[in-house]
Amino acid sequence: MSDLLLTKIMLMPPLIAGVTLAVRKWGEGLGGWIGGFPWVAGPISFFIALEHGAAFAASTIPSALLGSVGTMLFALVYAVLSSRLHWLPTVLLSYGAFFVVAMLSLGRDISLTAGVGINLLVLTLVLYFFPKPKTKGDFKKQPSWDIPLRMLVATLFVVILTQAADYLGPTWSGILTPFPIMTSTLAVFTHSQQGSDAAIRILYGLLLAGYGFVAFLVGVAWLVPQMPIAAAYGILTISTMVVNGITIKMIR
């Protein structure tokens, strides 16, 4: 087992556990906002940069911006369908929305500026038309296996996506960097245990952090090729927090 693979396996579980505990402590809205930080996409991009070089990581960003649009539509579709369907068909149809965007993105030569513009426009429209929960949040005690299962699911996703980068190339690696791993994990567990309205609140909070995620992707394209990889991602983490701090007042 390589050191990088071991690092992936050790890093992801505490991140997922931390976000889950934040949701339980501060509620779905603020917890979702915290979960919307690039806890998963950030490590995926970081590991890709370490394993394949800064230039490869930067080259994935135009595709990642298109994939980010798919994640926004995943959240919207999940929120709309969650009040009508069980969690399983809801998440499968929502994944379908993501992959429709992914397939439409293949072969598209898009500039960084255009990708950012599309992201900001789609994100703003999705937030504006996002369904509103009909009931207030109500904490329910979760089973003991809840956090370990979330940790396992998210870690498997990250390991599979980063290990497959050699075969996927920069286009698919970019599109799948924002794959809704954290989003779907939080949505499915919340939906199945607490109902549709709780899932809608957590997804809205996740989307609010999307502006910071766009800034993170732009930073990967600009900074990572220009400086040591660890320093670049450290700066990007702080910058994302600053950008997302502006949106915190919009939490429902």
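Refer to the preceding data block for the structure.
First, a word on scope: everything that follows refers to the structure included in this document. (Residues numbered from 1 in each chain as written. Predicted model: local features only at pLDDT ≥ 70, side-chain atom pairs only at ≥ 80, totals over all residues. Heavy atoms only, no water.)

### Here's the deal with the overall build of the protein chain
Counting its secondary structure elements, the protein chain contains 12 helices and zero strands. Against the 2.2 N^0.38 benchmark of 18 Å for 252 residues, the protein chain shows a C-alpha radius of gyration of 17 Å, consistent with a compact globule. For the protein chain, the C-alpha atoms occupy an extent of roughly 50 × 40 × 35 Å along the three principal directions. Of all 252 residues assigned to the protein chain, the portion counted as buried reaches 53%. The long-range fraction of contacts in the protein chain, counting pairs at least 24 apart against all pairs at least 6 apart in sequence, stands at 84%. Taking the average location of the 14 positive side-chain charges in the protein chain and that of its 8 negative ones, the two points are 14 Å from each other. (Helix = DSSP H or I, 4+ residues; strand = E, 2+ residues; numbered from the N terminus. Rg over C-alpha atoms; globule rule 2.2 N^0.38 Å. Buried < 20%, exposed > 50% of the residue type's maximum accessible area, 1.4 Å probe, protein only. Contact = heavy atoms within 4.5 Å. Lys, Arg positive; Asp, Glu negative; His and termini not counted. Charge placed at Lys NZ, Arg CZ, Asp CG, Glu CD.)

### Some words on the packing of helix α4 (residues 61-81) against helix α5 (residues 87-105)
α5 packs onto α4 with a crossing angle of 155 degrees between their chain directions and a minimal axis gap of 8 Å. In this view, α4 runs roughly antiparallel relative to α5, as classed from their interaxial angle. Here α4 runs over α5; the crossing is right-handed. Here Leu-66, Gly-67, Val-69, Gly-70, Thr-71, Leu-73, Phe-74, Val-77, Tyr-78 and Leu-81 of α4 lie close against α5, whose contacting residues are Trp-87, Thr-90, Val-91, Leu-93, Ser-94, Tyr-95, Ala-97, Phe-98, Val-101 and Ser-105. (Axes fitted to C-alpha atoms, helices over the stretch in contact; angles between N-to-C directions. Parallel < 35°, antiparallel > 145°, perpendicular 65-115°, else oblique. Left-handed = near helix turned anticlockwise from the far one by under 90°.)

### Here's the deal with the environment of Phe-179
Within the element layout of this structure, Phe-179 appears in the loop between α8 (165-176) and α9 (181-194). Residue Phe-179 is classed as buried on the basis of its relative accessible area of 9%. Phe-179 has contacts with Thr-71, Tyr-95, Phe-98, Phe-99, Phe-157 and Leu-161, leaving out every residue within four places of it along the chain.

### A few points about the nonpolar core
Of all hydrophobic cores here, the largest spans 68 residues; its most connected members are Tyr-78, Phe-130, Ile-181, Leu-203, Leu-207, Val-224 and Tyr-233. In terms of residues, this core owes the most to one element, α4, which gives nine residues. Contacts of Tyr-78, omitting those with residues within four sequence positions, involve Trp-87, Thr-90, Val-91, Ser-94, Ala-187, Val-188, His-191, Ala-199 and Leu-203. (Core = buried A, V, L, I, M, F, W, Y, C linked by side-chain atoms within 4.5 Å.)

### Quick look at the side chain of Thr-240
Residue position: Thr-240 is located in helix α12 (residues 229-245). For Thr-240, a relative accessible area of 2% corresponds to the buried category. When residues no more than four places from it in sequence are discounted, the contact partners of Thr-240 are Phe-37, Pro-38, Gly-212, Phe-213 and Phe-216.

### Some points on helix α6 (residues 112-129)
Helical geometry: 3.6 residues make up each α-helical turn, so side chains three or four residues apart lie on a common side. Look at α6: 26 Å from first C-alpha to last across 18 residues, which is about the 26 Å you get at 1.5 Å a residue. Residues of α6 that are buried sit in contact with α4, α10 (196-208) and α11 (210-223). (Expected span 1.5 Å × (residues − 1).)

### Focus on a nonpolar patch on the surface
Among the surface-exposed residues, Trp-145, Leu-149, Leu-152, Leu-156 and Ile-160 lie close enough to one another that they form a single nonpolar patch of about 510 Å² accessible area. Mapped onto the elements, Leu-152 comes out in helix α7 (residues 146-163). According to the relative accessible area criterion, Leu-152 is partly exposed, its value standing at 49%. (Patch = residues over 30% accessible without salt bridge, like charges linked within 9 Å, V, L, I, M, F, W, Y side chains within 5 Å. Areas by Shrake-Rupley, 256 points an atom, 1.4 Å probe, with all protein chains shown as cover. Salt bridge = Lys/Arg side-chain N within 4 Å of Asp/Glu carboxyl O.)

### Overview of the packing of α4 against α10
Between two packed helices, both the angle of their axes relative to each other and the distance between the axes serve to describe the pair. Across the interface, α4 lies against α10 with an axial gap of 10 Å and an inter-helix angle of 160 degrees. Taken as axis vectors, α4 and α10 run roughly antiparallel relative to one another. In terms of crossing hand, the pair formed by α4 and α10 is left-handed. Contact residues: Met-72, Ala-75, Tyr-78 and Ala-79 in α4; Ala-199, Ile-200, Leu-203 and Leu-207 in α10. Here the contact of α4 with α10 is built from residues that sort into eight nonpolar, no polar and no charged. (Nonpolar A, V, L, I, M, F, W, Y, C, P; charged D, E, K, R; others polar.)

None of the figures reported here should be taken as evidence of function without further support.
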